[in-house]
Amino acid sequence: TERDQMEEGSVFRSLLAILQWWGFNVTVIIMNKWIFQKLDFKFPLSVSCVHFICSSIGAYVVIKVLKLKPLIVVEPEDRWRRIFPMSFVFCINIVLGNVSLRYIPVSFMQTIKSFTPATTVVLQWLVWRKYFDWRIWASLVPIVGGILLTSVTELSFNMFGFCAALFGCLATSTKTILAESLLHGYKFDSINTVYYMAPFATMILGIPALLLEGNGILSWFDAHPSPWSALIIIFSSGVLAFCLNFSIFYVIHSTTAVTFNVAGNLKVAVAVMVSWLIFRNPISYMNAVGCGITLVGCTFYGYVRHKLSQQQQPGTPRTPRTPRNKMELLPLVNNDKLEGKV
C-alpha cells in the first residue's frame, strides 16, 4: 500500500542519514588523527581554528548565499551576552578533543567521550540541585565502570591526553547546560548555531593559536617535504567538519531521539574499528570489553531518559529535559556524538 511505501521510504531516509553522519564523523576523527600522527602537524589549536574558519564560511554560504536555511535573527546584545559564553565553552571543547587526539588513540578518546552523560548528570545535580530518578544513576554505573576498565587496560595510556579528553566531557556538559539556560527563546538549529558561534570561536582561538603555535608551524613548513599537499588535507578536514554538522542536522530531522542515541553509540564502535584498521594501535581484550560496557551503558542511559521523559507526571520536578523539540539539539562542529543524549 501507499502507507507501507511511505514508511519504507522514511526508514530508508533515516538509514541513509545515519550512514552519511557516520561517514563524515569517522572521516573527520581519522583525518584529525592522521594530521597529528602521519603529517606530523602537532598543532591542535591551529587545526581547531581551521575548522572554525571553514564552518563560519560554510554556514554563511548555506544561510546567506544558497538560502537553504532561514537565518534566526539574534539581537546584537544577546550575541555577546548569550552566544559569546557558549562559543567560549564550545571552543574549549573542540580544542580539548583535538589535544586528546594528539596524545591518545582514537579508540581510547572516543570511549572517554562517552563519559559525557555522567558528567552532565553530576554537574546538574551539584550545581543546579536537579532531582534525578534512581534509574538515571543506575544507568551511569556501566558507563563509569566501562571507562575505568578501559583506562586501566589501555596500552597507549597518556595522562595528558586522558585529562584533555576528560575535561572535554566537562566542557561538553557545561555547553549543553549553558545552551538550555542561555538560548531559551531562540529555536536554534545546528546551522544557525554554527553561523553565530564559529566566528566568535575563531576570534577567541586565533590569537592563542598564533602566539603558541605560529613559530612551530613555520618550522614545520620548512621541514615538511610537501607542506602544500598537507595543508590541503588540513583544510579538507575543516570542510568535512562543517559537512558533519550539516549531516547531524539531517539525522536529527530524519530519526527519533532514541534512534539518534543508539546510532551515536554504534558510531563510536565504527570509529574504534576503523581507527584500529588504519593506525593499528594495540587494543587488549579487556580494553575492548571496557569500551563495549561503556557503549551499552550509554545506550541504557538514553533509553532510561527517553522512558522518563514520556512518563513525566505533571507537578513532579522534571529531570534535566530531553529536548521536546529535536531542533533544540545543538551539535558540535567536529564531535557531536553525545549532544543528542543530554
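Here the structure is a predicted model, which is why all the values come from computation and not from measurement. (Residues numbered from 1 in each chain as written. Predicted model: local features only at pLDDT ≥ 70, side-chain atom pairs only at ≥ 80, totals over all residues. Heavy atoms only, no water.)

*Asks:* Help me understand the state of the cysteines, please; the structure alone is not making it clear to me.
*Replies:* In protein structure, a disulfide is the covalent linkage between the sulfur atoms of two cysteines. With the rule as written, the count across this model stands at zero disulfides. Cysteine Cys49 remains unbridged, with the sulfur of Cys91 as its closest cysteine sulfur at 7.8 Å. We classify Cys49 as buried; its relative accessible area is 10%. Counting only cysteine sulfurs, Cys243 is the nearest neighbor of Cys54, a cysteine outside any disulfide, at a range of 9.7 Å. Accessibility expressed as a relative area gives 11% for Cys54, which makes it buried. (Disulfide = S-S within 2.5 Å. Buried < 20%, exposed > 50% of the residue type's maximum accessible area, 1.4 Å probe, protein only.)

*Asks:* Where do I start with the UniProt feature "transmembrane region" (unreviewed entry) in the protein in this structure?
*Replies:* Feature annotation in UniProt assigns "transmembrane region" (unreviewed entry) to the following positions: residues 12–31, 43–63, 83–104, 134–153, 194–211, 231–251, 258–279 and 285–304. Span residues 12–31 is 100% helix and 0% strand, its end C-alpha atoms 28 Å apart. (UniProt positions renumbered as here; feature names shortened; annotations may be inferred. Helix = DSSP H or I, 4+ residues; strand = E, 2+ residues; numbered from the N terminus.)

*Asks:* Please clarify how the packing of helix H4 (residues 106–113) against helix H7 (residues 159–182) should be interpreted in this entry.
*Replies:* Between two packed helices, both the angle of their axes relative to each other and the distance between the axes serve to describe the pair. Close contact between H4 and H7 brings their axes to 9 Å; oriented N to C, the two are set at 35°. As for the relative orientation of H4 and H7, their crossing is right-handed in sense. Taken together, the residues of H7 that come into contact with H4 (itself represented by Phe108, Ile112 and Lys113) are Phe162, Ala165, Leu166, Gly168, Cys169 and Thr172. When the residues that make up the contact of H4 with H7 are grouped by side-chain class, the tally is six nonpolar, two polar and one charged. (Axes fitted to C-alpha atoms, helices over the stretch in contact; angles between N-to-C directions. Left-handed = near helix turned anticlockwise from the far one by under 90°. Contact = heavy atoms within 4.5 Å. Nonpolar A, V, L, I, M, F, W, Y, C, P; charged D, E, K, R; others polar.)

*Asks:* Please clarify how the nonpolar core should be interpreted in this entry.
*Replies:* Across soluble globular proteins, nonpolar side chains have a tendency to be buried as a group. With 34 residues, the main nonpolar core has Phe41, Ile112, Ile136 and Ile143 as its most contacted residues. For this core, the secondary-structure elements that each account for two or more residues are helix H1 (2–37), helix H2 (44–65), H4, helix H5 (116–127), helix H6 (134–153), H7, helix H9 (227–254) and helix H11 (285–310). Those residues in contact with Ile112, other than ones at most four positions away along the chain, are Ile104, Ile147, Phe162, Ala165, Leu166 and Cys169. (Core = buried A, V, L, I, M, F, W, Y, C linked by side-chain atoms within 4.5 Å.)

*Asks:* How should I be thinking about the pattern of salt bridges in this particular structure?
*Replies:* If charged atoms from side chains of opposite charge come close, those side chains can pair. The tally for this structure, following the rule as stated, stands at five salt bridges. The salt bridge partner of Asp40 is Lys42, with a shortest N-O separation of 3.4 Å. Looking at Asp40, the relative accessible area reads 44%, which means it is partly exposed. For Lys42, a relative accessible area of 31% translates into the label partly exposed. Of the charged contacts, one joins Arg81 and Glu77 as a salt bridge, the two residues approaching to 3.1 Å between their closest N and O atoms. (Salt bridge = Lys/Arg side-chain N within 4 Å of Asp/Glu carboxyl O.)

*Asks:* Looking at this structure, how should I read the packing of H6 against H11?
*Replies:* At their nearest, the axes of H6 and H11 sit 7 Å apart, and the two run at 165° to each other. Regarding the angle of H6 to H11, the classification is roughly antiparallel. Considering the relative orientation of H6 and H11, their crossing is left-handed. (Parallel < 35°, antiparallel > 145°, perpendicular 65-115°, else oblique.)

*Asks:* Would you mind going over a nonpolar patch on the surface with me for this structure?
*Replies:* A surface patch of nonpolar side chains, about 650 Å² in accessible area, is lined by Ile53, Ile57, Tyr60, Val61, Val65, Leu66 and Leu68. Along the chain, the position of Leu66 falls in the loop between H2 and helix H3 (76–103). Among the residues examined, Leu66 registers a relative accessible area of 51% and is labelled exposed. (Patch = residues over 30% accessible without salt bridge, like charges linked within 9 Å, V, L, I, M, F, W, Y side chains within 5 Å. Areas by Shrake-Rupley, 256 points an atom, 1.4 Å probe, with all protein chains shown as cover.)

*Asks:* I'm lost on H11 in this one. Help?
*Replies:* In an α-helix, one turn spans 3.6 residues; hence positions three or four apart end up facing the same way. Between the first and last C-alpha of H11 there are 38 Å, a value that for 26 residues agrees with the 38 Å anticipated at 1.5 Å per step. Within H11, burial applies to Asn287, Gly290, Cys291, Thr294, Leu295, Gly297, Cys298, Tyr301, Gly302, Val304, Arg305 and Leu308. (Expected span 1.5 Å × (residues − 1).)

*Asks:* Hey, could you run me through the environment of Gly238 in this one?
*Replies:* Its place among the elements puts Gly238 in helix H9. Among the residues examined, Gly238 registers a relative accessible area of 0% and is labelled buried. In sequence terms Gly238 and Gly58 are 180 residues apart; their C-alpha atoms lie 9.8 Å from each other. If we ignore the near neighbours within four places in the chain, the residues touching Gly238 are His51 and Cys54.

*Asks:* Just to check I follow, could you spell out helix H8 (residues 190–223) for this structure?
*Replies:* Its 34 residues place the ends of H8 only 39 Å apart at the C-alpha level, less than the 50 Å of an ideal helix rising 1.5 Å per residue. Its axis deflected by about 60° at Glu213, H8 carries its strongest bend there. (Bend = angle between axes of the 7 residues up to and from the residue.)

*Asks:* Hey, could you run me through the side chain of Thr119 in this one?
*Replies:* Within the secondary structure layout, Thr119 lies in helix H5. Only 2.6 Å separates the side chain of Thr119 from the side chain of Ser173, close enough to count as a polar contact. Beyond its immediate chain neighbours, meaning those up to four positions away, Thr119 contacts Cys169, Leu170 and Ser173. (Polar contact = N/O pair within 3.5 Å; in protein donor to acceptor, adjacent residues only side chain to side chain.)

*Asks:* Teacher, can you tell me more about the packing of aromatic side chains here?
*Replies:* Given two aromatic rings, one states the distance between the centres and the angle between the planes to describe the pair. Within this structure, the stated rule accounts for 16 aromatic pairs. Aromatic pair Phe84 and Phe200: ring centres 5.3 Å apart, planes at 85°, arrangement edge-to-face. Taken together, the residues Phe84 in helix H3 and Phe200 in helix H8 connect sequence positions 116 residues apart. Put simply, the rings of Phe41, Phe43, Trp220, Phe221 and Trp228 pair up and form one aromatic cluster. The ring of Trp34 carries Lys38 above its face, with NZ or CZ at 5.8 Å from the centroid. One cation-aromatic arrangement involves Arg280 over Trp276; the distance from NZ or CZ to the ring centre is 4.5 Å. (Phe/Tyr/Trp six-rings, centres within 6.5 Å; stacked < 30°, edge-to-face > 60°. Lys NZ or Arg CZ within 6 Å of the ring centre and 35° of its normal.)

*Asks:* I'm lost on the confidence of the model for the protein in this one. Help?
*Replies:* In regions of low pLDDT, the predicted coordinates are not meant to be interpreted in detail. Averaged over all residues, the pLDDT of the protein equals 82, while 87% of them reach at least 70. Averaged pLDDT values for the elements of the protein fall to 81 in helix H10 (residues 257–279) and rise to 93 in H2. Low confidence marks residues 313–342, where pLDDT is under 50. Its contacts with residues over four positions away, or in another chain, come to 98 contacts. (pLDDT = per-residue confidence, 0-100.)

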